[in-house]
Amino acid sequence: MMHTAVGWHIEMEFMEDDQHTRAAALVRLPDGSEVRAHGRASRHGVDANQPRVGEEIAGARALNELAMQLLTKAHEEIDQASGRTSHPIHV
């Protein structure tokens, strides 16, 4: 039987103008640390103005950066606890 020990909530905010969308992602971890990441999207001049698409792209890029930072954090914690260099964690 599995028990859920923790849950994470990720906050995502967007800032937009007619050509650009910026996303900021934040996750607060149970150890009290925070990991923040950013993503961007730009609309080509001939494309229709679709803010939701820009949010999806910028948000995905921010979440990708967040994932990479979490993998790096995990590596550092593994290395620190084991006293050796850990094997790469592939996405």
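Asks: Help me understand the sheet that holds strand E3 (residues 34-42), please; the structure alone is not making it clear to me.
Replies: Within a sheet, adjacent strands bond to each other through the backbone by hydrogen bonds, running parallel or antiparallel. Taken in spatial order, the three strands make up an open sheet running E1-E2-E3, and their pairing is antiparallel. This sheet does not close on itself; its edge strands, each paired only once, are strand E1 (10-16) and E3. Across the sheet, the axes of successive neighbouring strands diverge by a mean angle of 15 degrees, strand direction being ignored. In this sheet, strand E2 (residues 20-28) lies alongside E1 in antiparallel orientation, the contact comprising seven bridges. Bridging from a neighbouring strand, Phe 14 pairs with Ala 23 of E2. This element, helix H1 (residues 51-82), spans E1, E2 and E3 of the sheet and lies at about 145 degrees to E3.

Asks: Even after reading the chapter, I still don't get the pattern of salt bridges, so can you show me in this structure?
Replies: Side chains that differ in sign of charge can pair as their charged atoms come close. One pass over the structure, following the stated rule, counts six salt bridges. Notably, a salt bridge pairs Glu 34 with Arg 28, separated by 3.0 Å at the nearest N-O pair. Classification of Arg 28 by relative accessible area gives partly exposed; the value is 43%. Each of Glu 11, Arg 28, Glu 34 and Arg 36 takes part in one network of salt bridges that share partners.

The rules behind the values
Residues numbered from 1 in each chain as written. Predicted model: local features only at pLDDT ≥ 70, side-chain atom pairs only at ≥ 80, totals over all residues. Heavy atoms only, no water. Pairing = 2+ DSSP bridges. Helix = DSSP H or I, 4+ residues; strand = E, 2+ residues; numbered from the N terminus. Axes fitted to C-alpha atoms, helices over the stretch in contact; angles between N-to-C directions. Contact = heavy atoms within 4.5 Å. Salt bridge = Lys/Arg side-chain N within 4 Å of Asp/Glu carboxyl O. Buried < 20%, exposed > 50% of the residue type's maximum accessible area, 1.4 Å probe, protein only.

The quantities given are spatial measurements derived from coordinates; they are silent on function.
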